[in-house]
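Here's the letter readout for the chains.
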Amino acid sequence: MDGSLVTGIHQLYARQSHLIDGGHADAWARTFTPDGEFHSPTYPAPVVGRDRLRAFAEDFAHAAREAGEVRRHVVTNLFVESADTTQAQVSAYLQVIGTRVTGDTAILRFTTVSDRLVRDGQDWRIARRDVRRDDTA
Amino acid sequence: MDGSLVTGIHQLYARQSHLIDGGHADAWARTFTPDGEFHSPTYPAPVVGRDRLRAFAEDFAHAAREAGEVRRHVVTNLFVESADTTQAQVSAYLQVIGTRVTGDTAILRFTTVSDRLVRDGQDWRIARRDVRRDDTA
Amino acid sequence: MDGSLVTGIHQLYARQSHLIDGGHADAWARTFTPDGEFHSPTYPAPVVGRDRLRAFAEDFAHAAREAGEVRRHVVTNLFVESADTTQAQVSAYLQVIGTRVTGDTAILRFTTVSDRLVRDGQDWRIARRDVRRDDTA
């Protein structure tokens, strides 16, 4: 597998968390394809398409503020299962970690994402994300 | 150091955790060389060779089920100290994180691994792993 | 962006944590430029220049020993915002995680670093680091 493909995919995942955690809902939604799908047991139905993905990211930010927490998406163990110049399949661990203004930091949930990516020019985008939560195994 | 060597090594570590955490004991054992060695203060004696490494991974999965936890090996700070086309020396942080079905997630232990790798065709394998536990320093 | 630039920057960050956590204060200080700057709300004034950076790293090690903890700098979500062959801008999540000899491991604080890097021959060095703490947002 081409090393530069792997590096570009690492960049996507690092950047994506900074976007949603930093309140950039629209830019986060654009890390998905226009018809991108987000499937997670945390939410009752799949989130499909950029408008709904943007609203999803806005809801995440709102819930964190309501809870008085700063929340972060921590990505580790990013494994590129397969990749060519047009598409890729990726698995990674994704922890949501929250910090209260009092200083307490805790892992809120531990998840694994399985993503199908497609290449869009120089950028990789997520066509479909499936999330597994360890507390609902 | 060749960037593609580093990228290939990152792939090994990401994949290795998904294998043991996903219950693929045999595939995990094959991330070591046939006579690979695993030295850790968590266990009374070194685990040497693929048969014993596979049994080790099976025991890990069994203990997690017994404890009612999903356990994950989270790798960060992967530093390739040296590498050529045939061997490499690597250090990384490895956290074992557990989630109970009740939802509580905690860092069970924080370790540092020091690994000697050898190249086997396109794949990197671990010839010897030494684990340091921070709670037994 | 050149993949090998990104890989080299990943190596800097992985190595840097092992240096400060392993008690190598002088080598840690040399991951900054000679006039490197460290700006953090944890400390009353910026730490500027290698002599003061080395003293800073020594103080970190001393405080951990006093607290009876092993402390680790865990870097994730390393995003290379821009890079050419002479300089780069990087954002990453940096957690300080502590383990007591009793075995309890906790996230002590969650921070985000924004770094300006410069190339020095084959090595990248940090010219300025700005740290954001999530508990003082």
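Here, the structure is the one placed above.
Note on numbering: residues in each chain are counted from 1, in written sequence order. The lettering of chains begins at A and the numbering of ligands begins at 1, in the order of writing. Predicted model: local features are reported for residues with pLDDT of at least 70 only, side-chain atom pairs are reported and counted for 80 or more only, and whole-chain, interface and lining totals are derived from all residues. Note that water and hydrogens are dropped before the side-chain values are worked out from all heavy atoms of the structure.

**Some thoughts on the pairing of strand β3 (residues 69-83) of chain A**
All names here are of chain A. Defined as follows: Remark: exposure states derive from per-residue accessible area (1.4 Å probe, protein chains only) relative to the maximum for the residue type, with buried under 20%, exposed over 50%, and partly exposed in between. Helix and strand labels come from DSSP, where a helix needs a run of H or I of at least four residues and a strand needs a run of E of at least two; each type is numbered from the N terminus. Pairing between strands requires that DSSP locate at least two bridges from one strand to the other.
For β3, a buried count of 12 out of 15 residues is recorded, marking the element as mostly surrounded by other parts of the structure. Pairing between β3 and strand β4 (residues 87-100): 12 bridges, direction antiparallel. From the neighbouring strand, Ala83 faces β4, where its bridge partner is Ala88. Here β3 hands over to β4 after 3 residues, the two strands then running antiparallel side by side.

**Observations concerning the relation of the copies chain A and chain B**
The condition that has to hold: The fit set for superposing copies consists of C-alpha atoms from residues with pLDDT of at least 70 in both; the fit itself is least squares. The contact criterion used is simple: two residues touch if any of their non-hydrogen atoms lie within 4.5 Å.
Superposition record for chain A on chain B: RMSD 0.0 Å, screw rotation 120°, translation along axis 0.0 Å. Taken together, the turn and the small shift mark the pair as related by a three-fold rotation axis. Taking C-alpha positions as the reference, the residue of chain A nearest the rotation axis is Thr76 of chain A, at 3.9 Å. Comparing interface residues between copies, only 14% of those in chain A also lie at the interface in chain B; the contact surfaces differ.

**Concerning the relation of the copies chain A and chain C**
Expressed as a screw operation, the relation of chain A to chain C combines 0.0 Å of axial shift with a rotation of 120°, fitting to an RMSD of 0.0 Å. Residue by residue, only 14% of the interface of chain A is reproduced at the interface of chain C, so the copies engage with different surfaces.

**Points about helix α1 (residues 3-21) of chain A**
Residues and elements named next belong to chain A. Stated precisely, the cut-off is as follows: Expected span, for any helix, means 1.5 Å times one less than how many residues it has.
Between its first and last C-alpha, α1 extends 28 Å over 19 residues, near the 27 Å set by a 1.5 Å rise per residue. Judged by how many residues are buried, α1 sits mostly within the fold: 16 of 19 residues are covered. Positive backbone phi, approximately 85°, marks Gly23, located one or two places after α1.

**Thoughts on the sheet that holds β4 of chain A**
Stated precisely, the cut-off is as follows: Fitting a line to C-alpha atoms yields each axis, with helices limited to the stretch in contact; the angle taken between N-to-C directions then spans 0 to 180 degrees.
Spatially, the 6 strands line up as an open sheet ordered β2-β1-β6-β5-β4-β3 (chain A), and their pairing is mixed. Looking at strand neighbours, the two that pair on one side only are β2 (47-48) and β3 of chain A, the edges of this open sheet. Sheet strands touched by helix α3 (residues 50-67) of chain A: β1 (32-39), β2, β3, β4, β5 (105-120) and β6 (123-133) of chain A. Its angle to β3 of chain A, the strand with the most contacts, is close to 140°. Against the sheet, helix α1 (residues 3-21) of chain B engages β3, β4 and β5 of chain A, with an angle of about 100° to β3 of chain A.

**A word on the pattern of salt bridges**
To be explicit about the condition: Each salt bridge in this description consists of a side-chain nitrogen of Lys or Arg and a carboxyl oxygen of Asp or Glu lying within 4 Å of one another.
If you walk through the whole model with that rule in mind, you get 39 salt bridges over all chains. The shortest N-O distance in the salt bridge between Arg128 of chain A and Glu37 of chain A comes to 3.6 Å. Here the residue Arg128 of chain A occupies a position in strand β6, and Glu37 of chain A occupies one in strand β1, the gap between them amounting to 91 residues. On the basis of relative accessible area, Arg128 of chain A is assigned to the partly exposed category, the value being 30%. Since its relative accessible area comes to 26%, Glu37 of chain A is described here as partly exposed. Linking Arg125 of chain B and Asp120 of chain B is a salt bridge whose minimum nitrogen-to-oxygen distance equals 2.8 Å. Note on Asp120 of chain B: relative accessible area 40%, which makes it partly exposed. The structure contains a network of salt bridges with shared partners spanning Asp26, Arg30, Asp51 and Arg54 of chain A.

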